[in-house]
Amino acid sequence: MADTMLEQTWDIAAIRRDFPILQQSIHNQRPLIYFDNAASSQRPLAVIEAMTRCYETRYANVHRGIHYLSEMASADFERARQLIAQFLNVSDPYEVIFTSGTTAGINLIARSWGDENLRPGDEIVLTIFEHHSNIVPWQQLAQRTGAKIVWCDLPDGRNFDIEHWRQQLTTRTKIVSFAAVSNVLGCALPVDELVRAAHSVGAIAVVDAAQHVAHRAIDVEQWQADFVVFSGHKMLGPSGVGILYGRRAQLEAMPAFMGGGSMIRTVTQDGFTPGELPAKFEAGTPPIVEAIGLGAAVEYLQQFSWHQLHEHDLALSSLALAGLQEMPEVELLGANSPDRSGIISFHVPGVSAQDLAVLLDRQGIAVRAGHHCAMPLHDRLQITASVRASFYLYNTAAEVEEWLIVLKKVIAKLR
């Protein structure tokens, strides 16, 4: 069936009209099918227009001028912070820090909280399926401080096992950091439980919500995590902007990470005193227009029911999985869980993932091939690369069916 029941309950055609980039044809007039949403989503007109309006009518540096443009830009910038705080269910908007993305947020935590609090012999617990941005900053922290990385494996190679994860926690654990949704396996982790377990041993909990925030409701008050990070470009917003949420007590106790303009209260020849939150962690000129664009993305997303959005993801991924399971040469990564996201990764033995992606692209279908910034996971699975298809609110069942038809032909050609 070319249309899911869910697609009939909302106007998928109208949604697609909001995304100009999806209207084009590529490679000899083939309609573009965009299945690389886990890497970066596309932007609706509401975001494009909000950013254009700022550039055309009210752009200036924020918090520094008393003239009209600066006041207007500052108001729009802080309105975006308010919108994002409400989106996250954060009562204090100054706990919302603008960064350049997930990577910058994790590095800030590692450099500020980590350098201040870790000692030789302390432990940082990670899962084997983390994105490199949630691995390398902690490895660098361990090198600087003498701390140790403790890995939570996948006992069966497919499923996250919370009991196995709990076994890695000890009184030496100081930091627990994990992705709420794996960008390769597509599995969603029980964030609340993991945060409580981390706190029970006196560790802080850092949640990488990059793959979660665009697809599922997020409530940081309910999660009770110490820090939550994500990027704008995976949730219909622009690149170059992201969010670090931190509890006020944690943020106030942490030393400033980057020094420069905006983040200070006073500067003398002898030293400086840092500014109040959020300025303390927003050194230099912030991503002004990008932050405004992210605020517009949040407003756009709020017109949809999170339940509907998740059901749409699940309907498309279920359709894709059913088709892939009829191809015996395809080896799926991850489990077919009812709580999975719209991410599907697979491996075809004897077939280059890159070659497969290139041939799909020639038919107008964009997927991702490689290790997806998750080399430890691929090493664990004893493969060098996989193919990933990831779906979002503007994708359709008809696109999935077309992809399956083309994929079967491409695999046969490459084998």
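In what follows, the accompanying structure is described. (Residues numbered from 1 in each chain as written. Predicted model: local features only at pLDDT ≥ 70, side-chain atom pairs only at ≥ 80, totals over all residues. Heavy atoms only, no water.)

### What about the pattern of salt bridges?
Next, step 1: Tallying each qualifying case throughout the model produces 16 salt bridges.
Next, step 2: Residue arginine 16 pairs with glutamate 399 through a salt bridge whose shortest N-O separation is 3.3 Å. Taken together, the positions of arginine 16 in helix H2 (residues 12–17) and glutamate 399 in helix H15 (residues 397–414) put the pair 383 residues apart, joining distant regions of the chain. Like arginine 16, the residue glutamate 399 is buried in the burial classification.
Next, step 3: Here aspartate 76 and arginine 58 are joined by a salt bridge, their closest N and O atoms 2.8 Å apart. (Salt bridge = Lys/Arg side-chain N within 4 Å of Asp/Glu carboxyl O. Helix = DSSP H or I, 4+ residues; strand = E, 2+ residues; numbered from the N terminus. Buried < 20%, exposed > 50% of the residue type's maximum accessible area, 1.4 Å probe, protein only.)

### A closer look at the nonpolar core
Next, step 1: Judged by nonpolar contacts, the single largest core of 80 residues is most densely connected at Leu88 and Leu393.
Next, step 2: In terms of residues, this core owes the most to one element, helix H11 (residues 288–301), which gives 10 residues.
Next, step 3: In contact with leucine 88, other than residues within four places in its own chain, are Val96, Ile218, Asp219, Val220, Phe230 and Ile243.
Next, step 4: The next biggest cluster of nonpolar side chains, apart from the first, holds 31 residues, and it includes Leu321, Ala385, Phe391 and Leu404. (Core = buried A, V, L, I, M, F, W, Y, C linked by side-chain atoms within 4.5 Å. Contact = heavy atoms within 4.5 Å.)

### Structural notes on the sheet that holds strand S7 (residues 173–179)
Next, step 1: Taken in spatial order, the 7 strands make up an open sheet running S4-S10-S9-S8-S7-S5-S6, and their pairing is mixed. Sheet topology places strand S4 (96–99) and strand S6 (148–152) at the edges, where each strand pairs with a single neighbour. Taking the axes of each pair of neighbouring strands and ignoring which way they run, one obtains an average angle of 20 degrees across the sheet.
Next, step 2: Strand direction decides the pairing type here: strand S5 (residues 123–127) and S6, joined by 5 bridges, are parallel. Bridge assignment links isoleucine 124 to a residue of S6, and that residue is isoleucine 149.
Next, step 3: Contacts from helix H5 (residues 102–117) reach S4, S7, strand S8 (204–208), strand S9 (227–231) and strand S10 (242–246) within the one sheet, and its direction differs from that of S9 by about 150 degrees. (Pairing = 2+ DSSP bridges. Axes fitted to C-alpha atoms, helices over the stretch in contact; angles between N-to-C directions.)

### Notes on helix H3 (residues 45–58)
Next, step 1: The end-to-end C-alpha distance of H3 is 19 Å, a good match for the 20 Å that 14 residues give at a rise of 1.5 Å each.
Next, step 2: Structurally, H3 contributes buried residues whose contacts are with H11. (Expected span 1.5 Å × (residues − 1).)

### Quick word on unusual backbone geometry
Next, step 1: Residues leucine 277 and proline 278 are joined by a peptide bond in cis, for which omega reads 0 degrees.
Next, step 2: Take proline 278: it is sitting in the loop between strand S12 (271–274) and H11.
Next, step 3: The backbone of histidine 27 shows a phi angle near 45 degrees, a positive value even though the residue is not glycine.
Next, step 4: Position of histidine 27 among the secondary structure elements: in the loop between strand S1 (25–26) and strand S2 (30–31).
Next, step 5: Residue class for histidine 27 comes out partly exposed when judged on its relative accessible area of 38%.

Don't take any of this as a statement about function, it's just geometry.
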